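Below are the chains, spelled out letter by letter.
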Amino acid sequence: MTTTEQTSTATPISQESAGGLLHIDLAALASNWRTLRNAAGGAETAAVVKADAYGTGIEQAVPALAQAGCRTFFVAHLSEAVRVRAVAPGATIYVLNGLFPGTSPAYLRHGLRPVLGSFEEIEEWAAFCRAEGWRHAAAIHVDTGMNRLGLTVSQGLTLRDRAELKDFETALLMSHFVSAEETGNPINLRQIEAFKAVRETLPGIPASLANSSGIFLEEKPHFDLVRPGYALYGGNPVPDRENPMRPVVGLEARIVQLRWVEEDETVGYNARWLALGRRRIATLSIGYADGYPRSASARGKSGEELLAGQVLVAGRPCPFAGNVSMDLITVDLTDIPENDVKRGDTVTMIGGSLTIDEVGRRAGTIGYEILTNLGRRYARTYHGRQG
Ligand SMILES: *Cc1c(COP(=O)(O)O)cnc(C)c1O
């Protein structure tokens, strides 16, 4: 027999026993939802809570968003939707990754809506609804440029002629932007136009196109419902402007050891960082096994400007030194007065100037990946819970 267990139900990790301290601000999350709702004009503002609410925890994030007024949630998987349903009994929940064969009864059991992305899926849902004798709700996804999920635009334009559409309620027609964060990219306009063309053939069906960045596009492609994810969790939806969102996630690491490294010594695996003079190195109790990307490793010489990770010590940025290990990260604190730091102190890994976008950039990735990899070994503290 095999059993499966969810990390989220495991015993919580205490502050004293953890190497990393993760802070999640639920009041900021709710405030970000309201900011997005105000930016979305009259459109309904849903919340994308896939990947454990971008690493922040479905069981905590969803009630906070529901309390702020959010009524519609999107996840990627059926398993995630079941977790959302457990904490949001009255919510509308869509599963983005489509309908796997034979899973329709599970959707009905939990009151979930599949996002149908092919004629096969539409046929399967329609047949299920006919057998059940009820027009259960689903969304239809039209692919306007990603070439990943959904009907093609030309298939979308023939939708209204399909008999199966009578068998279920099409509660939402949706598509997804390729690069809405690039405001000047002409693909945005092409996608908006293609989406409008399909929508015009299906009057009366609510439509949704915008993710976080899409909400802020000049064209205001809000339609009837917007689907922000990243911006809810503090990511900047407008990278060429100041971030209108509040930070939601903070991460601190504990200093395990402090040492002086002599000139010409190296630090870390594979000796990829060289001390050009005497340097003071702090070893932190976080590593790539905590989801902190190894690609943030600092390979070079002390004092060099490297595109690599940083930490904040009393608000001052200090660079990584050497490769990120599985459970440890070494940083160069030579510029911090010796008495200002000691064993057991915490330093900031995410927070202040080290936003999730900046941490992502320094690791050669995007803030989305930083959030969704947030480790399972951290002591998690939720702040700003209402009621
Ligand atoms: C993930 C996702 C979103 C949310 O995108 P963000 O950029 O995080 O706001 C919206 N729609 C779909 C289809 C998605 O897959």
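Starting afresh in each chain, residues are numbered from 1 along the sequence in its written order. Per-residue local features are limited, in this predicted model, to residues with pLDDT of at least 70; the limit for side-chain atom pairs, both in listing and counting, is 80 or more; totals at the level of whole chains, interfaces and linings are taken over all residues. As a convention, hydrogens and water are excluded, and side-chain values are obtained from all of the structure's heavy atoms.

## Considering the pairing of strand β15 (residues 279–284)
The buried fraction of β15 is high, at six of six residues. Two elements, strand β12 (residues 249–261) and β15, share six bridges in a ladder whose sense is antiparallel. Across the sheet, the residue bridging to Gln257 is Thr283, located in β15. Strands are labelled as partners when DSSP assigns at least two bridges between them. Secondary structure elements follow DSSP: runs of H or I no shorter than four residues count as helices, runs of E no shorter than two count as strands, and numbering proceeds from the N terminus. Relative to strand β19 (residues 329–332), β15 is paired through four bridges, and the arrangement is antiparallel. Looking at β19, one finds that Ala282 is bridged to Val331. Burial classification: accessible surface area is computed with a 1.4 Å probe over protein chains only, and a residue below 20% of its type maximum counts as buried, one above 50% as exposed, and the rest as partly exposed.

## Here's the deal with the domain arrangement of the protein chain
The domains assigned to the protein chain are domain 1 (26–233) and domain 2 (249–383). In this entry, domain limits derive from an automatic or database-based domain assignment. Its C-alpha centre places domain 1 at a distance of 38 Å from the equivalent point of domain 2. Contact definition: two residues touch when any of their heavy atoms are within 4.5 Å. Residue-level contacts link ten residues of domain 1 with eleven residues of domain 2. Put simply, buried area is the surface a 1.4 Å probe can reach on two separate parts but cannot reach once they are joined, added for both. Interface area, domain 1 with domain 2, both sides summed: about 1,000 Å², of which 58% is carbon and sulfur. The term salt bridge refers to a side-chain nitrogen of Lys or Arg lying within 4 Å of a carboxyl oxygen of Asp or Glu. At the surface where domain 1 touches domain 2, the tally comes to zero salt bridges.

## Considering the pattern of salt bridges
Per the stated rule, a full pass over the model turns up 13 salt bridges. We note a salt bridge from Asp52 to Arg83, for which the minimum N-O separation is 2.7 Å. Pair noted here: Asp52 is in helix α2 (residues 50–54) and Arg83 is in helix α4 (residues 78–87), with a separation of 31 residues, a long-range link. On the basis of relative accessibility, which here comes to 13%, the residue Arg83 falls in the buried class. One salt bridge connects Asp345 with Lys342, and the closest N-O pair in it is separated by 3.0 Å. Among the charged side chains, a network of salt bridges with common partners joins Asp52, Glu59 and Arg83.

## Examining the site of the ligand
We call a residue near a molecule or strand when any one of its heavy atoms sits within 4 Å of it. Close contacts around the ligand come from 13 residues, with Lys50, Tyr54, Ser212, Tyr230 and Tyr368 the closest. As used in this structure description, the phrase polar contact means that two N or O atoms lie within 3.5 Å; if the pair is within protein, one of them must be able to donate a hydrogen and the other to accept it, and residues adjacent in sequence are counted only when both atoms belong to side chains. His176 places a side-chain nitrogen or oxygen 3.4 Å from a nitrogen atom of the ligand. Measuring from an oxygen atom of the ligand, one finds a side-chain N or O atom of Ser212 at 2.5 Å. Under the convention used here, a 1.4 Å probe and the Shrake-Rupley method define accessible areas, while residue burial counts only the protein chains that appear. Here the ligand loses 92% of its free accessible area of 390 Å² to cover by the protein chains.

## Some details on the sheet that holds strand β14 (residues 273–274)
Here we have three strands laid out as an open sheet, ordered β13-β14-β16, and mixed in their pairing. This sheet does not close on itself; its edge strands, each paired only once, are β13 (266–267) and β16 (300–301). Both β13 and β14 contribute to a ladder of two bridges, which runs antiparallel. Across the sheet, residue Val267 finds its bridge partner in β14, namely Trp273.

## Digging into helix α8 (residues 187–200)
Multiply 1.5 Å by the residue count of a helix minus one, and that product is the helix's expected span. In a regular helix each residue adds 1.5 Å, so 14 residues correspond to 20 Å; α8 covers 20 Å between its end C-alpha atoms and thus fits that length. Within the span of α8, buried status applies to Ile187, Asn188, Gln191, Ile192, Ala194, Phe195 and Val198. For α8, the arc enclosing every buried residue in end-on projection is 170°, short of the 170-degree limit, so these residues lie on one face. Away from the buried face of α8 by more than 90 degrees, exposed residues Arg190 and Glu200 are located. On the buried face of α8, the contacting elements are β7 (137–143), α7 (153–157), β9 (169–174) and β10 (207–208). This arc describes the spread of directions from the helix axis toward the C-beta atoms.

## Some details on the packing of helix α1 (residues 26–39) against helix α3 (residues 58–68)
Interaxial angle, 0 to 180 degrees, is taken between N-to-C directions of lines fitted to C-alpha atoms, where a helix line uses only the stretch in contact. It is the contact of α1 with α3, at a shortest axis distance of 9 Å, that shows an interaxial angle of 45°. By the criterion of interaxial angle, the relationship of α1 to α3 is oblique. At the point where α1 passes α3, the crossing takes the right-handed sense. In this structure, α1 contributes Leu26, Leu29, Ala30, Trp33, Arg34 and Arg37 to the contact, and α3 contributes Gln60, Ala61, Ala64, Leu65 and Ala68. Each residue gets one label: Ala, Val, Leu, Ile, Met, Phe, Trp, Tyr, Cys and Pro are nonpolar, Asp, Glu, Lys and Arg are charged, and the others, such as Gly, are polar. Taken together, the residues that form the contact of α1 with α3 break down as eight nonpolar, one polar and two charged. Convention used here: angles under 35 degrees read as roughly parallel, angles over 145 as roughly antiparallel, angles from 65 to 115 as roughly perpendicular, and any remaining angle as oblique. Whether a crossing is left-handed or right-handed is set by the direction in which the near helix is turned from the far one by less than a right angle, anticlockwise for left-handed and clockwise for right-handed.

## Here we look at the packing of aromatic side chains
Each aromatic ring pair is summarised here by two numbers: the centre-to-centre distance and the angle between the ring planes. Centres within 6.5 Å are what make two rings of Phe, Tyr or Trp a pair, Trp counting through its six-membered ring; a difference in plane orientation under 30 degrees is then read as stacked, over 60 as edge-to-face, and the rest as tilted. If you walk through the whole model with that rule in mind, you get eight aromatic pairs. Here the aromatic rings of Tyr107 and Trp125 are separated by 6.0 Å at their centres, their planes lie at 80°, and the arrangement is edge-to-face. Highlighted residues: Tyr107 in helix α5 (residues 104–110) and Trp125 in helix α6 (residues 119–132), separated in sequence by 18 residues. Looking at Tyr107, the relative accessible area reads 1%, which means it is buried. With a centroid separation of 5.6 Å and an interplanar angle of 35°, the aromatic rings of Trp125 and Phe128 are classed as tilted. Remark: Phe128 and Trp125 occur in helix α6; sequence separation between them is three residues, near one turn of the helix. In this structure, Trp125 and Phe128 share a single accessibility class: buried. Taken together, the aromatic side chains of Tyr54, Tyr230, Tyr233 and Tyr368 make up a single cluster linked through ring pairs. Either the NZ atom of lysine or the CZ atom of arginine qualifies as a charge over a ring when it sits within 6 Å of the ring centre and within 35 degrees of the ring normal. A cation over a ring is seen here: Arg162 above Phe119, with NZ or CZ 3.8 Å from the ring centre.

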